[in-house]
Amino acid sequence: MVEWAVNQAVHGRLNVTRPANYLKAGLPAYQPQGLFPLRQLVGGGRVPAQIMLAVLAQETNLSQASWRVVPGDTGNPLIASYYGNHDNLDVIDYSKTDCGYGIGQVTDGMRVDSNVFTDTQRRAIAVDYAANLAAGLNILIEKWNQMNTELNAYKSYMNNNDPTWVENWFLAVWAYNSGYYPYDRRNTDLQKGYFGIGWFNNPANPRYPANREPFLRATMADAERPNDWAYPERIMGWVETPQMKGFPIMTEAYSHPEYSSNSPIYPDRFTKVLSIPDRYAFCSEVNSCSPATNGCPADSEACWWHGHATSGNCLMEECAREKLSYGSGAAEPGVKRIYPRNCETFTGDKNGNRNRNKRMSMVYSLNDTGQYNLGCDIGATDGKFTIRRGFPAGGGTAPYAEIDLHQIGAGYKGHIWFTYVNSSNPKRRIVGSWTPNLDLVPGERARYDIVAHVPSHGADYHNAEYLITTGTIGEQRTCALDLAEEAGWALPGGIPNPNPANLGEDKWVYLGSYELGRGAQVQLNNVGTAHTQNFDAVAFDTIAFVPIGSNAGHSCGDDY
């Protein structure tokens, strides 16, 4: 899907129509490059598709949604450092937030007080990968244009500066990551008399190992330590070595560029590669940088570079061009789901003990079931689901509990909330409550089987203890489930399932049978300690309350 969208976007034809309320975002109908028309490059030409694909690979692994979401599931957008806490769950510092959204990590204009984008544009960037990359493409074009609108004496460019060639984008992707500082602003307090592109991403910066090979050229293991390379080096690496995607078989997620007849050959790979600039290609008298000084001694604005650098003679066929996999008019590919779409409806009839004289109550994890996004038929919830955050609930700790609370399009009909267990920190406490609207008159009590849906993924804690309150005036009982074992992620005894192709399974499990009255409720919290590494997730999925009358009921942990 991503390669298709980039192939269309760089040619200005990403005009697939998104219907009104696409992905339940409340947006009017739109086209991605209607919202974000393709900007023109100064001097003409276009961005090579492989450059934009490599930027997206580096920024987000080609992902629009949170890393907690698997392909085919819906989920929250990927947002960089939303809480400004650098992954410290006990800290919220909005002054340090990044606010990079989605596949292209679009940042500028995403704050609510910004006027760079309209509200419709911001929301489309957040929810739609195609709109996001259309906006990100324009940001990359802006960086190229900033350098190419300078006077010739102050212009920075690669090789012959023809945008057709992949290698000529080295400086633009450098600026995409760390900015470009124009000549006409050199006398501002920020620039202090200097202009050009920053020192941090200069390959000569000694923060990067001097003996490194080009990124990913020798081994994919380079991706485990990307900070050993400057950002533009990483982008060129992702052009040469496309990212791998797919399950259970991984394949290259996009095409290699079209190398020219005189592009360099890398013998160990039996393939051609890009003409990558030398480590000291961006060292000159303008930034007092040289091999003799091991870079730029100042490590300040004085190290900014501008000028012309050469990595290959593009006119002599030493550079690479884009290669498209999707031409004009190609339809948007469908989602390659890891988990099949499951719209099977729970009826409560499977074991023949349902009392049809009373209504069964289904309490979903969203009170507005119109927000479910899997496309399944789903009725209204018959009750209320609530989440209480922090301890005491709703107090000053509530925002901290929100940090580690997530939602994905898994579970029954395509939605769950999930979080991770914590043994003692009140800031991270989460309590989910399912309160059914039982088919009972005041004072009446009746027997019900309570059945919880355990999702195929997103829940694997070994001791999820459900608390059942039988009514406004009534007893409380508990039922503990091993979510990992129920979903198939673990074998009995907590041993992780050794099958590498295991994906878990959706499953209904009884919490037991109880005499319930009005005010009955089921609760689940995340207080606990994981006994098996990585088996620490608690999910809040749908719960069914099935009236059984005088029929035999079921015990805690029975399979439906």
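The rules behind the values
- Residues numbered from 1 in each chain as written.
- Predicted model: local features only at pLDDT ≥ 70, side-chain atom pairs only at ≥ 80, totals over all residues.
- Heavy atoms only, no water.
- Core = buried A, V, L, I, M, F, W, Y, C linked by side-chain atoms within 4.5 Å.
- Buried < 20%, exposed > 50% of the residue type's maximum accessible area, 1.4 Å probe, protein only.
- Helix = DSSP H or I, 4+ residues; strand = E, 2+ residues; numbered from the N terminus.
- Contact = heavy atoms within 4.5 Å.
- Axes fitted to C-alpha atoms, helices over the stretch in contact; angles between N-to-C directions.
- Parallel < 35°, antiparallel > 145°, perpendicular 65-115°, else oblique.
- Left-handed = near helix turned anticlockwise from the far one by under 90°.
- Nonpolar A, V, L, I, M, F, W, Y, C, P; charged D, E, K, R; others polar.
- Pairing = 2+ DSSP bridges.
- Salt bridge = Lys/Arg side-chain N within 4 Å of Asp/Glu carboxyl O.

Here we come to the nonpolar core. Of all hydrophobic cores here, the largest spans 71 residues; its most connected members are V6, I51, L133, L140, L171 and F282. Elements with a contribution of two residues or more to this core: α1 (2-9), α3 (49-60), α4 (119-127), α5 (129-148), α6 (170-178) and α7 (231-240). The element contributing the most residues to this core is α5, with 11 residues. Residues contacting L140, with those up to four places away along its chain left out, are V47, I51, M52, W169, A172, V173 and Y176. Within the second largest apolar cluster, 57 residues are counted, among which are A410, A464, V522 and V538.

Right, let's talk about the packing of α3 against α7 for a bit. The contact between α3 and α7 brings their axes to 8 Å, and the two run at 115°. Taken as axis vectors, α3 and α7 run roughly perpendicular relative to one another. As α3 runs across α7, the sense of the crossing is right-handed. Residues Q50, I51, A54, V55, A57, Q58 and E59 of α3 form the contact with α7, whose participating residues are Y231, R234, I235, M236, W238 and V239. Partitioning the contact of α3 with α7 into residue classes produces nine nonpolar, two polar and two charged.

What follows deals with the pairing of strand β12 (residues 416-420). The element β12 is extensively covered by neighbouring structure, given that four of its five residues are classed as buried. Alignment of β12 against strand β21 (residues 537-540), held across four bridges, turns out to be antiparallel. When the bridges of β21 are listed, F418 appears paired with A539.

Here we take up the pattern of salt bridges. Inspection of the entire model under this criterion finds 23 salt bridges. Here R39 makes a salt bridge to E142, at a shortest N to O gap of 3.7 Å. Of this pair, R39 sits in the loop between α2 (32-35) and α3 while E142 sits in helix α5; the two residues are 103 residues apart in sequence, bridging distant segments of the chain. We classify E142 as partly exposed; its relative accessible area is 33%.

On to the packing of α1 against α5. Put simply, α1 and α5 touch, their axes get as near as 10 Å, and they point 45° apart. Here α1 is positioned oblique relative to α5, judged by the angle of their axes. For α1 against α5, the interelement crossing comes out right-handed. Where α1 approaches α5, its residues V2, W4, A5, V6 and A9 are matched on the opposing element by Y129, L133 and L137. Classifying every residue of the contact of α1 with α5 gives eight nonpolar, no polar and no charged.

This part is about the sheet that holds strand β11 (residues 406-408). The pairing of strands in a sheet comes from backbone hydrogen bonds and takes either a parallel or an antiparallel form. The strand order across the open sheet formed by three strands is β11-β12-β21, and the pairing between neighbours is antiparallel. Each edge of the sheet is formed by a strand with only one pairing partner; in this case those strands are β11 and β21. Put simply, the sheet's adjacent strands are angled 35° from each other on average, direction ignored.

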